[in-house]
Amino acid sequence: ELKVEQNPLFLSMQEGKNYTIYCNYSTTSDRLYWYRQDPGKSLESLFVLLSNGAVKQEGRLMASLDTKARLSTLHITAAVHDLSATYFCAVDNFNKFYFGSGTKLNVKP
Amino acid sequence: KAGVTQTPRYLIKTRGQQVTLSCSPISGHRSVSWYQQTPGQGLQFLFEYFSETQRNKGNFPGRFSGRQFSNSRSEMNVSTLELGDSALYLCASSLDGRGLNEQFFGPGTRLTVL
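1. Details of the packing of aromatic side chains
The geometry of an aromatic ring pair is captured by two quantities: the separation of the ring centres and the angle between the planes.
Stage number 1. Counted according to the given criterion, the structure contains ten aromatic pairs over all chains.
Stage number 2. Their ring planes at 85 degrees and their centres at 5.4 Å tell us that Phe99 of chain A and Tyr35 of chain B sit as a pair that is edge-to-face. With Phe99 of chain A in strand β10 (residues 96-99) and Tyr35 of chain B in strand β4 (residues 31-38), this pair bridges two chains.
Stage number 3. On the accessibility criterion, Phe99 of chain A (9% relative accessible area) is buried.
Stage number 4. Owing to a relative accessible area of 0%, Tyr35 of chain B belongs among the buried residues under this scheme.

This is the structure we're talking about:
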C-alpha cells in the first residue's frame, strides 16, 4: 500500500521566519495535493500539483513537486500567525487518495 | 456556488447500532469520496462513487458501505457500530474524480460511538 510521510509532524515557529514541510511518498504518482485544516474544521484545498517540477505559490505558501524523488515540499515564507493550522499532503494513486499524517504548524507572535 | 454539505453534523450512537451519513456534492460534481479521520489513524480513504457506481474502495471492513444516487448525492452506512468507529467522517466531491480536479471537502460528520 502507498505510504505518505510528512515531516515534521509538529512545527513551532516565530512570525517572520521561513520553514519547509516535506512530504515523501512510496510509489510513483504525479498528482499531489496540499490541504489545510483548522481545528474543528474541514479540509481546505491549497495546491494541486499535477506534474514533475510543478511549482505553485499562493501568498506566503509555495508548493513544489519532484516526482522522481517522490517528494513534495510546502515552503512557508515570513510566517504569520494566521498560517497556524494543520497541513496535509495527499497522493492520488489510481483515484485513491492517501494522506500524510499532517504537520501541525503553530506560528508564535 | 454552494459547497459540499453533510448531514448530520454530529451523531451519538451506541455499539451495535447502525448509522447513515449523507453528503450532497457541489452542483455539477459527479464524484464523491468518503474519508474517516481519527487522531490515531489520520485520514483514511473509505470509498469513491462516480455515476452511482463504487469506483474505488479503501481497506475497511464490509460494515462500511455506501451508495450514490442519480443526483450525485451520496450516503454511507456503518452497521454494527464499534467504539473504534468514532471519528470525523468527511466527504469530498470533484468534477470527475480522476485527480485532475480538486477535491472539495464538506464540514464532516462527527460520529461518537458509546
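2. With respect to the nonpolar core
Stage number 1. Core analysis: the largest hydrophobic core is formed by 26 residues, its most contacted members being Val4, Leu32, Trp34, Leu74, Tyr87 and Leu105 of chain A.
Stage number 2. Of all elements in the fold, only β2 (10-14), β3 (19-25), β4 (32-37), β5 (43-49), β7 (61-66), β8 (71-76), β9 (85-93) and β11 (103-108) of chain A reach the threshold of two or more residues within this core.
Stage number 3. A total of four residues in this core trace back to one element, the largest contributor, which is β9 of chain A.
Stage number 4. Listed in part, the 21 residues of the second largest apolar core include Leu21, Tyr49, Tyr89 and Leu111 of chain B.

3. Overview of the interface of chain B and chain A
Stage number 1. If you look at the interface, chain B gives 20 residues, while chain A gives 17 residues.
Stage number 2. At the boundary of chain B and chain A, one finds zero salt bridges.
Stage number 3. Mapped by element, the contributors of at least two residues to the side of chain B that touches chain A are β4, β5 (42-50), β6 (53-57) and β9 (87-94) of chain B.
Stage number 4. The element best represented in the side of chain B that touches chain A is β5 of chain B, accounting for three residues.
Stage number 5. Here the side of chain B that touches chain A is composed, by residue class, of eight nonpolar, eight polar and four charged.

4. What to know about the sheet that holds strand β8 (residues 74-78) of chain B
Residue and element names in this part refer to chain B.
Stage number 1. The four strands are arranged β1-β3-β8-β7 in an open sheet whose pairing can be described as antiparallel. The strands lining the two open edges of the sheet, one partner per strand, are β1 (5-7) and β7 (64-68). Ignoring which end each strand starts from, the neighbouring axes of this sheet average 20 degrees apart.
Stage number 2. Relative to β8, β7 is paired through five bridges, and the arrangement is antiparallel.

5. Some words on the side chain of Ser33 of chain B
Stage number 1. Looking at the secondary structure, you find Ser33 of chain B in strand β4.
Stage number 2. Not counting residues within four places of it along the chain, the set of residues in contact with Ser33 of chain B comprises Phe45, Phe47, Glu48, Leu90, Cys91, Ala92 and Gln103 of chain B.

6. Remarks on the state of the cysteines
Think of a disulfide as a covalent bridge from one cysteine sulfur atom to another cysteine sulfur atom.
Residue and element names in this part refer to chain B.
Stage number 1. Counted under the stated rule, the structure contains two disulfides over all chains.
Stage number 2. The disulfide partner of Cys23 is Cys91, and the S-S distance across this bridge is 1.9 Å. The disulfide joining Cys23 to Cys91 has a torsion of about 70 degrees about its S-S bond and is therefore right-handed. Of the two residues, Cys23 is situated in strand β3 (residues 19-24) and Cys91 in strand β9; the sequence distance between them amounts to 68 residues.

7. Here we look at the pattern of salt bridges
Residue and element names in this part refer to chain B.
Stage number 1. Following the criterion strictly, the structure yields seven salt bridges over all chains and no others.
Stage number 2. Note that Arg55 is salt-bridged to Glu48, the shortest N-O span being 2.7 Å.
Stage number 3. Judged by relative accessible area, Arg55 falls into the partly exposed class, the value being 28%.
Stage number 4. Here Asp85 and Arg63 are joined by a salt bridge, their closest N and O atoms 2.8 Å apart. Pair noted here: Asp85 is in the loop between β8 and β9 and Arg63 is in the loop between β6 and β7, with a separation of 22 residues, a long-range link. The same class applies to Asp85 and to Arg63, which are both buried.
Stage number 5. Linked through salt bridges whose partners overlap, the residues forming this network are Arg63, Glu82 and Asp85.

Scoring rules and cut-offs
- Residues numbered from 1 in each chain as written.
- Chains lettered and ligands numbered in written order.
- Predicted model: local features only at pLDDT ≥ 70, side-chain atom pairs only at ≥ 80, totals over all residues.
- Heavy atoms only, no water.
- Phe/Tyr/Trp six-rings, centres within 6.5 Å; stacked < 30°, edge-to-face > 60°.
- Helix = DSSP H or I, 4+ residues; strand = E, 2+ residues; numbered from the N terminus.
- Buried < 20%, exposed > 50% of the residue type's maximum accessible area, 1.4 Å probe, protein only.
- Core = buried A, V, L, I, M, F, W, Y, C linked by side-chain atoms within 4.5 Å.
- Contact = heavy atoms within 4.5 Å.
- Salt bridge = Lys/Arg side-chain N within 4 Å of Asp/Glu carboxyl O.
- Nonpolar A, V, L, I, M, F, W, Y, C, P; charged D, E, K, R; others polar.
- Pairing = 2+ DSSP bridges.
- Axes fitted to C-alpha atoms, helices over the stretch in contact; angles between N-to-C directions.
- Disulfide = S-S within 2.5 Å.

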